[in-house]
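Descriptive analysis of the structure
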Amino acid sequence: MIIDVPEGKHPIEHVWGDMVPEIGAAASNFSLSVYAHTTLGLREFEAARLRIAQINGCMFCLDWRTERDGEKVEEGFADAVTAWRVTEDFDDRTRLAAEYAERYALDHHGIDEEFWSRMTAHYSQPEIVELTMSIGSWLAFGRLNRVFGLDAVCVLPTG
């Protein structure tokens, strides 16, 4: 970890709360809102989230599985996300979520009309905005935790 954390302080709480309380609280609220207020299906949500986790290399994010009403994605889902181009385990929405996450993170200038045509055939405009904000949250905060080395000690608060 590259951030100095005082003895007895939890690294996540210190960095996200104590160091920059106004920004950290806002970032935390945004990050938690992505989970609390999503309208997206669990599989497409997790496909995008896991693809960003794979790109960021955030250890905690790679191990995390979103749970809704006692349901999580199946074992092996992360492998399907890695193989999103060829897996037979994804429907069009789930595959597009993984593709969008990857393109957003690695080549946002390359997102073209052909992609938007496919995307708008399967997602409403509000869903696209929600997915984009979610991807942005995971990209920014997963990367922040990985760069600072917080991903090895990250524990999300329970709701």
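The structure reproduced in this document is the subject of the present report. (Residues numbered from 1 in each chain as written. Predicted model: local features only at pLDDT ≥ 70, side-chain atom pairs only at ≥ 80, totals over all residues. Heavy atoms only, no water.)

1. Here we look at the environment of Thr87
Put simply, the rule reads: Secondary structure elements are taken from DSSP: a helix is a run of H or I of four residues or more, a strand is a run of E of two residues or more, and numbering for both begins at the N terminus. Only heavy atoms matter for contacts: two residues are in contact if any of them lie within 4.5 Å across the pair.
Topologically, Thr87 is positioned in the loop between helix 5 (77–82) and helix 6 (92–106). Not counting residues within four places of it along the chain, the set of residues in contact with Thr87 comprises Ala80 and Arg95.

2. Some remarks on a nonpolar patch on the surface
Our working rule: Patches draw on residues past 30% relative accessible area with no salt bridge. Two like charges within 9 Å are joined, as are two nonpolar side chains (Val, Leu, Ile, Met, Phe, Trp, Tyr) within 5 Å. Surface accessibility in these figures is a Shrake-Rupley result with a 1.4 Å probe; residues are shielded only by whichever protein chains are displayed. What counts as a salt bridge is simple: a side-chain nitrogen of Lys or Arg found within 4 Å of a carboxyl oxygen of Asp or Glu. Each residue gets one of three labels from its accessible area relative to the maximum for its type: buried under 20%, exposed over 50%, partly exposed in between, using a 1.4 Å probe on protein chains only.
Among the surface-exposed residues, Met19, Val20 and Ile23 lie close enough to one another that they form a single nonpolar patch of about 280 Å² accessible area. The topology assignment puts Ile23 in helix 2 (residues 21–36). According to the relative accessible area criterion, Ile23 is exposed, its value standing at 61%.

3. As for the side chain of Asn145
With respect to the helices and strands, Asn145 occurs in helix 8 (residues 125–148). Taking relative accessible area as the criterion, Asn145 reaches 7% and is therefore assigned buried. Those residues within four positions of Asn145 in sequence are excluded, and the remaining contacts are Ile12, Trp16, Leu150, Asp151 and Cys154.

4. Quick notes on the packing of aromatic side chains
Aromatic ring pairs are reported here in terms of the distance separating the ring centres and the angle at which the planes meet. We count it as follows: Only rings of Phe, Tyr and Trp enter the pairing, Trp through its six-membered ring, and a pair is recorded when the two centres are within 6.5 Å. The plane angle decides the type: under 30 degrees is stacked, over 60 is edge-to-face, the rest tilted. Remark: a charge is flagged as sitting over a ring if the NZ atom of Lys or the CZ atom of Arg is within 6 Å of the ring centre and within 35 degrees of the ring normal.
Inspection of every chain in the model, using the stated rule, returns 12 aromatic pairs. Taking 5.5 Å as the distance between ring centres and 65° as the angle between the ring planes, the aromatic pair formed by Phe115 and Trp116 counts as edge-to-face. A relative accessible area of 26% places Trp116 in the partly exposed class. A network of ring pairs unites the aromatic residues Tyr35, Phe45, Phe60, Trp64 and Trp138 as a single cluster. Looking at Arg68, its charged tip hangs above the ring of Phe45, at a distance of 5.0 Å from the centre.

5. Here we look at unusual backbone geometry
A positive phi angle is found at Asp69, which is not glycine, with a value near 50°. When you line up the elements, Asp69 lands in the loop between helix 4 (59–63) and helix 5. Take Asp69: its relative accessible area is 82%, and that puts it in the exposed class.

6. Examining the packing of helix 2 against helix 8
Put simply, the rule is: Under this scheme, a helix contributes an axis fitted over its contacting stretch, all axes are lines through C-alpha atoms, and angles between N-to-C directions fall in the 0 to 180 degree range. When describing relative orientation, an angle under 35 degrees is termed roughly parallel and one over 145 degrees roughly antiparallel, while 65 to 115 degrees is termed roughly perpendicular and anything else oblique. Crossings are sorted by hand: turned counterclockwise from the far helix by less than a right angle, the near helix makes the crossing left-handed, and turned clockwise it makes it right-handed. Residues are grouped as follows: nonpolar covers Ala, Val, Leu, Ile, Met, Phe, Trp, Tyr, Cys and Pro; charged covers Asp, Glu, Lys and Arg; every other residue, Gly included, is treated as polar.
With their axes 10 Å apart at the nearest point, helix 2 and helix 8 run at an angle of 130° to one another. Comparing their axes, helix 8 and helix 2 come out oblique. Crossing of helix 2 over helix 8 shows left-handed handedness. Where helix 2 abuts helix 8, its residues Ala27, Phe30, Ser31, Val34 and Tyr35 lie against Met133, Ser134, Ser137, Trp138 and Phe141. Taken together, the residues of the contact of helix 2 with helix 8 sort by class into seven nonpolar, three polar and no charged.

Interpretation note: all reported values are geometric properties and have no functional meaning in isolation.
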